[in-house]
Amino acid sequence: NIAKLELTSTELRGTRSEVIYTNVNSAELIKVTANAFLAMKVSFANSIAQLCDSADADINEVMNGVGSDSRIGLPFLNAGRGFGGGCLPKDVAGLISVANSRDIDLKMMTSAVKINNYMPEYIVNKLSKGRNLKGKKVALLGLAFKAGTSDTRKSPAVLLAKALLKRGAKVIAYDPQADTKDIPEIANKVKKCPSLKECLESADIAIIATDWPEFKYLSPEKYSQMMKGNILVDGMNCLDKDAVEKAGLRYIGVGR
């Protein structure tokens, strides 16, 4: 059997589509392996981000340099709270499962999963270093696994909420589309605020957990004015660190 696999110009990062003919098994593996490789790039960046925190380097600068190499490329080298959703986690898990059924240990992929699952905990550990979170009100900005959707499947934001609750923090959340009622494990423990302003105004700490434009492009001065406290955790590494600190806020990023 022959399968026709059509790759769009977006997937190829080029200017035209290309049709590749393979057998069915190869076609299935191409799709799953491509997503697994992208997931591995994210986890690779996050492992280097941990080294950056220890070595006083900036992961954004490091990955901009690494990604400028045409053999590597910049897409999916974004360090932060990790990947989620219904696509990358599913394809990575499926690839590992098929390999295990054939007595093949995909150590690189299992490591990528471990790193990804650890990143929300890593961020909260960094936040709580020398700081007691018990009773602190934390504004979790974002619940969806990415901007532009209400999908919370495998969302790192949910893992962030759990890690914060475990340390006794009072978690409130705001997301333009996603709702806590669709997340059973935190539905009765995390209050969903109707607006960004309401979420921030009583917060001791704010964490950007999803890269919604209204979080990314809100000026640091506005964050400073709206927040009760002064700690801003950039779980997506999407803010200008210097600008945040200039506004009088304490900036905590991932590998920065």
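Our structure is the block above this text.
What counts as what
Residues numbered from 1 in each chain as written. Predicted model: local features only at pLDDT ≥ 70, side-chain atom pairs only at ≥ 80, totals over all residues. Heavy atoms only, no water. Buried < 20%, exposed > 50% of the residue type's maximum accessible area, 1.4 Å probe, protein only. Helix = DSSP H or I, 4+ residues; strand = E, 2+ residues; numbered from the N terminus. Pairing = 2+ DSSP bridges. Right-handed = clockwise from strand over helix to strand, strands pointing away. Axes fitted to C-alpha atoms, helices over the stretch in contact; angles between N-to-C directions. Parallel < 35°, antiparallel > 145°, perpendicular 65-115°, else oblique. Left-handed = near helix turned anticlockwise from the far one by under 90°. Contact = heavy atoms within 4.5 Å. Nonpolar A, V, L, I, M, F, W, Y, C, P; charged D, E, K, R; others polar. Core = buried A, V, L, I, M, F, W, Y, C linked by side-chain atoms within 4.5 Å. Salt bridge = Lys/Arg side-chain N within 4 Å of Asp/Glu carboxyl O. Phe/Tyr/Trp six-rings, centres within 6.5 Å; stacked < 30°, edge-to-face > 60°. Expected span 1.5 Å × (residues − 1).

This part covers the pairing of strand β4 (residues 170-174). With four of its five residues buried, β4 lies for the most part within the structure. Two elements, strand β3 (residues 137-141) and β4, share five bridges in a ladder whose sense is parallel. Of the residues in β4, the one forming a bridge with leucine 141 is tyrosine 174. A crossover connection joins β3 to the parallel β4 through helix α6 (residues 156-166); in handedness this β-α-β unit is right-handed. Where β4 meets strand β5 (residues 191-192), two bridges bridge the pair, whose relative direction is parallel. What sits directly across from isoleucine 172, in β5, is lysine 191.

Moving on, we come to unusual backbone geometry. Within the chain, aspartate 56 stands out as a residue other than glycine whose phi angle is a positive 60 degrees. The phi dihedral of asparagine 237 is positive, around 50 degrees, even though this residue is not glycine. Locating asparagine 237 in the fold gives a position in the loop between β7 (231-234) and α10 (241-246).

Before going further, it helps to spend a moment on the packing of helix α2 (residues 24-55) against helix α5 (residues 107-128). Here α2 crosses α5 at 45 degrees, and the two axes come no closer than 9 Å. Comparing their axes, α5 and α2 come out oblique. In the packing of α2 onto α5, the handedness of the crossing is left-handed. Here Ala36, Met40, Ser43, Asn46, Ser47, Ala49, Gln50 and Asp53 of α2 come into contact with α5, specifically with Met108, Met109, Ala112, Ile115, Asn116, Tyr118, Met119, Tyr122 and Lys126. Its residues assigned to classes, the contact of α2 with α5 comprises ten nonpolar, five polar and two charged.

Our focus in this paragraph is the nonpolar core. Residues Leu127, Leu140, Leu164, Ile205, Ile207 and Val233 are the most contacted members of the largest nonpolar core, which totals 37 residues. Those elements giving two or more residues to this core turn out to be α2, α3 (59-67), α5, β3, α6, β4, β6 (205-208) and β7. Top element by residues in this core is α6. It accounts for six residues. Those residues within four positions of isoleucine 205 in sequence are excluded, and the remaining contacts are Leu127, Leu133, Lys136, Lys137, Val138, Ala139, Met227, Ile231 and Val233.

Before going further, it helps to spend a moment on the pattern of salt bridges. Working definition: two side chains of opposite charge can pair if their charged atoms are close together. By the definition in use, this model includes 13 salt bridges. Arginine 256 is the partner of aspartate 234 in a salt bridge, and the nearest nitrogen-oxygen pair spans 3.8 Å. Taken together, the residues span a long stretch of sequence, with aspartate 234 in strand β7 and arginine 256 in the segment after β8 (250-252) at a distance of 22 residues. For aspartate 234, a relative accessible area of 0% puts it in the buried group. Using a relative accessible area of 18% as the deciding quantity, one classes arginine 256 as buried. Linked by salt bridges that have partners in common, Lys31, Lys90 and Asp91 make up one network.

On to the packing of aromatic side chains. Considering all chains together, one arrives at two aromatic pairs under this definition. Measuring from ring centre to ring centre gives 6.1 Å for tyrosine 174 and phenylalanine 215, while their planes differ by 70 degrees; the resulting arrangement is edge-to-face. You can see tyrosine 174 sitting in strand β4 and its partner phenylalanine 215 sitting in helix α8 (residues 213-216), a full 41 residues away along the chain. Exposure class is identical for tyrosine 174 and phenylalanine 215. Each is buried.

Compared with the 20 Å implied by 1.5 Å per residue over 14 residues, the 20 Å span of helix α4 (residues 88-101) between its first and last C-alpha is a close match. Taken together, the buried positions of α4 are Leu88, Pro89, Asp91, Val92, Leu95, Ile96 and Ala99. Where α4 terminates, the next one or two residues include aspartate 103, which has phi positive at roughly 60 degrees.

This paragraph deals with the sheet that holds β7. In spatial order, the strands read β5-β4-β3-β6-β7-β8; together these six strands make up an open sheet with parallel pairing. The open sheet is flanked by β5 and β8, the only strands paired with a single partner. Its contacts with the sheet place α5 against β6, β7 and β8, and it is angled at close to 155 degrees to β7. Sheet strands touched by α6: β3, β4 and β6. Its angle to β3, the strand with the most contacts, is close to 175 degrees.

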